[in-house]
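# Fold and geometry: a report
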Amino acid sequence: MSITLRFRNEKMRVSVQYQGKWRGAFCCMSHHLNKACNTLSVFFMLSCAAVVVESGTARAQSAPGATAQPALLQEHAATSQIESGIADSSAASDLLKKSRELTVTGKKRVDDDSDSMSAPNNISTKIMPAVPVAVASNQPKKGIFYNALKPLKDHGITFHLLLIDNFVSNVVGGVRPGTRLQNSLGVIETQFDLEKLIGWKGAQINFGEDIFFLRNNDKHWSQQVGDNIIGYQPPHLFRGNYLSELTLDQKLMNNKLEIEGGRANISRYFLIPNCNQILTCFKDIWSQDAGVSTFVYATWSGHIMYHITPSLYIQAAATEVNKTTFFTNGWKWDTGTSNGATGVGEIGYLRGFDKTAYPSMYEFLGYYNSSTVQDPIRTVRGTSQLYDKSSAAQMHTGMSGIFFSGQQYVWRKDHGATKDPHGMALAVYGGAGTDFQSYAPIQAEAYLGAFVQAPFASHPLDSYGIQFHWSKLGTREQDFLGQANKISGGDGKRPGADHLVADIHAHTFLFPNVALEPSLQYVINPNTYYAPMTAKHPHNALEVGATLFVYLDKMAEFP
């Protein structure tokens, strides 16, 4: 019997091989425990809190930073191995009057307030959708939390509270049909305005801590599904809590120049989510080839941004690549286990509802990951790692590529007469990228989608969308998966390089300060990227998912 562990950033490939036949992967918890966990999850989602700091309008426009993670890790050995918001809302008096007359689920914000959460919002760009999600009412702010925290805010210390619950299940298809994952996430972020606190002009400290709980099948989902796209989507954590951000942020030249450094993840600066939901809004090349994962993982990072005009900007960042980060709680800052760094340069354009009735955002970036990575299949002699056990694996230094993404509002029901960010409108979005190395696991990808927001007047914060996500495996990755299938008792047929995921989704408020994002995804030609040692060729898969957002700071009327 042999066990093969393959790590891709924080994701894990695990399979068990016995006499050349597939015998199984890590199994999930019992049926009764699943039911109990899901019941508890609903209860805790409505009662638990996490704290996040209010980012402010300026920080929202500059896509602030937060956490980095391990880069591309590949192991094909047969023995066990663990290497380890664009826009502020309009304040026109007519809209204000109209809003006060509404009694809706999720009342839209009409006050020009710095803590307005609109696209791209001022919490993590990796855990919030890119459409307006402001849920503040026009009622006078009062209450025990407001009274207790208002003096702190006046002195420059601000907070947010956010709770997220994730659920996914591949009801049809995949390596093991019928599996599911559920976990809950509490996000704690705080900002300290040093100008208010000690007179340091333009400076602030950003702090974030993320807490995961009620985890069910959290670590094994990827292997049970197999596919590189749907297997990556929900967060998979090895620990219950992580330091997600601790940085010093300095703004200069009337806020045209911003410099930030510390423990962060450059996902918060680049490739701002341009979809209207979270689960399917990610870039495979960014996570697998560039080695930049979810906001949870923080490593040493530095970021600089310069606004050429209020809408046009350039930015660059460098981040440590440390493959052991996801086994820690983020408070271990030793660089002795680092194996490289990722550098990114970008030019971007961001124009929001505060400037136009038809917002847009575009990004074009290039990246270079200096880490030493293992070839997916070849040894130093050019033979297969799976058959030639006497030769060392071929190693490569560096992975590089480019990516483009964008979002554009193309239609409004009011034909652009107002800049109301919560009026009925249609937006299109998409992106595409490629890696330049033949040994890259993901050679290319592209996605295209559209969403309509506020189709129902009584629910101005809701949106409904459709998306198509295509990706192409590298040729050497295909070779590896084909040979792994053969060794495991299969026919040895290589998986198709191309595969497509089509999905429909929504972002809708159930009641004030509680939003749900249901999704339905259909995977055509899925692969076994996260479960290579299997004799199966998975059938087309159908995945259902739901993400629940509870804006607890708004519920508690935090200032």
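Remember, predicted model here, so these are calculated numbers, not experimental data.

The next thing to look at is the overall build of the chain. The number of helices and strands found in the chain is 9 helices and 19 strands. Across the 559 residues that make up the chain, the buried fraction comes to 60%. Carbon and sulfur atoms make up 63% of the accessible area of the chain, which totals about 19900 Å².

Here we come to the state of the cysteines. The term disulfide refers to a covalent linkage connecting the sulfur atoms of a pair of cysteines. Within this structure, the stated rule accounts for 1 disulfide. One disulfide bridge connects C275 with C281, the sulfur atoms lying 2.3 Å from each other. Handedness of the C275-C281 disulfide follows from its S-S torsion of about 80°: it is right-handed.

Right, let's get into the pairing of strand β15 (residues 442-453). For a regular strand, the rule is simple: side chains alternate between the two faces of the sheet. The pairing of strand β14 (residues 425-435) with β15 spans 10 bridges and is antiparallel. Across the sheet, the residue bridging to G431 is Y447, located in β15. Connecting the antiparallel pair β14 and β15 is a turn made up of 6 residues. Relative to strand β16 (residues 463-473), β15 is paired through 11 bridges, and the arrangement is antiparallel. Bridging from a neighbouring strand, A450 pairs with I466 of β16.

On to a nonpolar patch on the surface, then. There is a patch of nonpolar side chains on the surface, built from I308, I314, I347, F364 and F404 and spanning about 420 Å² of accessible area. Counting through the fold element by element, I314 comes out in strand β10 (residues 312-322).

It is worth spelling out the pattern of salt bridges at this point. A side chain of one charge can pair with a side chain of the opposite charge if their charged atoms are brought near each other. Inspection of the entire model under this criterion finds 11 salt bridges. The partner of R268 in a salt bridge is E245, with the nearest N and O atoms 3.2 Å apart. Taken together, the residues R268 in the loop between β8 (257-264) and α7 (284-288) and E245 in strand β7 (residues 241-252) connect sequence positions 23 residues apart. The residues R268 and E245 share a single accessibility class, namely buried. The partner of K251 in a salt bridge is E258, with the nearest N and O atoms 3.6 Å apart.

Moving on to unusual backbone geometry. Despite not being glycine, M253 shows a phi value in the positive range, around 55°. Assignment of secondary structure puts M253 in the loop between β7 and β8. Classification of M253 as partly exposed rests on a relative accessible area of 48%. Here N525, not a glycine, exhibits a phi torsion of approximately 65°, which is positive.

Looking only at helix α4 (residues 144-154), the buried set comprises Y146, L149 and K153. What you see down the axis of α4 is that its buried residues fit within an arc of 90°, all on one side. Those residues of α4 that are exposed and aimed more than 90 degrees away from the buried face are I144 and N147. On its buried side, α4 packs onto β4 (157-172) and α5 (194-198). Once α4 finishes, G156 follows within two positions and takes phi at roughly 100°, a positive value.

What follows covers the nonpolar core. Within the largest apolar cluster, 45 residues are counted, with the highest numbers of intra-cluster contacts made by I266, F270, W286, V344 and L365. Elements with a minimum of two residues in this core: α6 (221-225), α7, β12 (360-379), β13 (393-412), β14, β15 and α8 (475-487). Aside from chain neighbours lying at most four places away, what touches W286 is I266, S267, F270, L271, G291, V292, V344, L365 and E445. Core analysis: the next-biggest nonpolar cluster, separate from the first, contains 16 residues, L185, F212, Y242 and F549 among them.

Its place among the elements puts Q407 in strand β13. With 132 residues separating them along the chain, Q407 and C275 place their C-alpha atoms 8.1 Å apart. Here the side chain of Q407 touches N274 through a polar contact of 2.9 Å, landing on its backbone oxygen.

A word on the packing of aromatic side chains. Summed over the entire model, instances satisfying the criterion amount to 17 aromatic pairs. For the ring pair Y429 and F451, a centre distance of 6.1 Å and an interplane angle of 40° mean the geometry is tilted. Remark: F451 occurs in strand β15 and Y429 occurs in strand β14; sequence separation between them is 22 residues. Just as Y429 is buried, F451 falls in that class too. On the numbers, 6.0 Å between centres and 85° between planes, the contact of F456 with Y464 is edge-to-face. Judged by relative accessible area, which is 46%, F456 ranks as partly exposed. The rings of F353, Y409, Y429, Y447 and F451 are connected pair by pair, giving a single aromatic cluster. If you follow R263 out to its NZ or CZ, it ends over the ring of W300, 5.1 Å from the centre.

Below, the discussion takes up the side chain of N276. Along the chain, the position of N276 falls in the loop between β8 and α7. A distance of 3.0 Å separates the side chain of N276 from the side chain of S463, its partner in a polar contact. Side-chain polar atoms of N276 contact the side chain of H505, separated by 2.7 Å.

The next subject is the pairing of β16. Burial along β16 is one-sided: the residues S463, G465, Q467, H469, S471 and L473 are buried and none of Y464, I466, F468, W470 and K472 is. Sheet topology places β16 next to strand β17 (residues 498-511); 10 bridges connect them, and they run antiparallel. When the bridges of β17 are listed, G465 appears paired with H505.

What counts and what doesn't
Residues numbered from 1 in each chain as written. Predicted model: local features only at pLDDT ≥ 70, side-chain atom pairs only at ≥ 80, totals over all residues. Heavy atoms only, no water. Helix = DSSP H or I, 4+ residues; strand = E, 2+ residues; numbered from the N terminus. Buried < 20%, exposed > 50% of the residue type's maximum accessible area, 1.4 Å probe, protein only. Areas by Shrake-Rupley, 256 points an atom, 1.4 Å probe, with all protein chains shown as cover. Disulfide = S-S within 2.5 Å. Pairing = 2+ DSSP bridges. Patch = residues over 30% accessible without salt bridge, like charges linked within 9 Å, V, L, I, M, F, W, Y side chains within 5 Å. Salt bridge = Lys/Arg side-chain N within 4 Å of Asp/Glu carboxyl O. Arc of directions from axis to C-beta. Contact = heavy atoms within 4.5 Å. Core = buried A, V, L, I, M, F, W, Y, C linked by side-chain atoms within 4.5 Å. Polar contact = N/O pair within 3.5 Å; in protein donor to acceptor, adjacent residues only side chain to side chain. Phe/Tyr/Trp six-rings, centres within 6.5 Å; stacked < 30°, edge-to-face > 60°. Lys NZ or Arg CZ within 6 Å of the ring centre and 35° of its normal.

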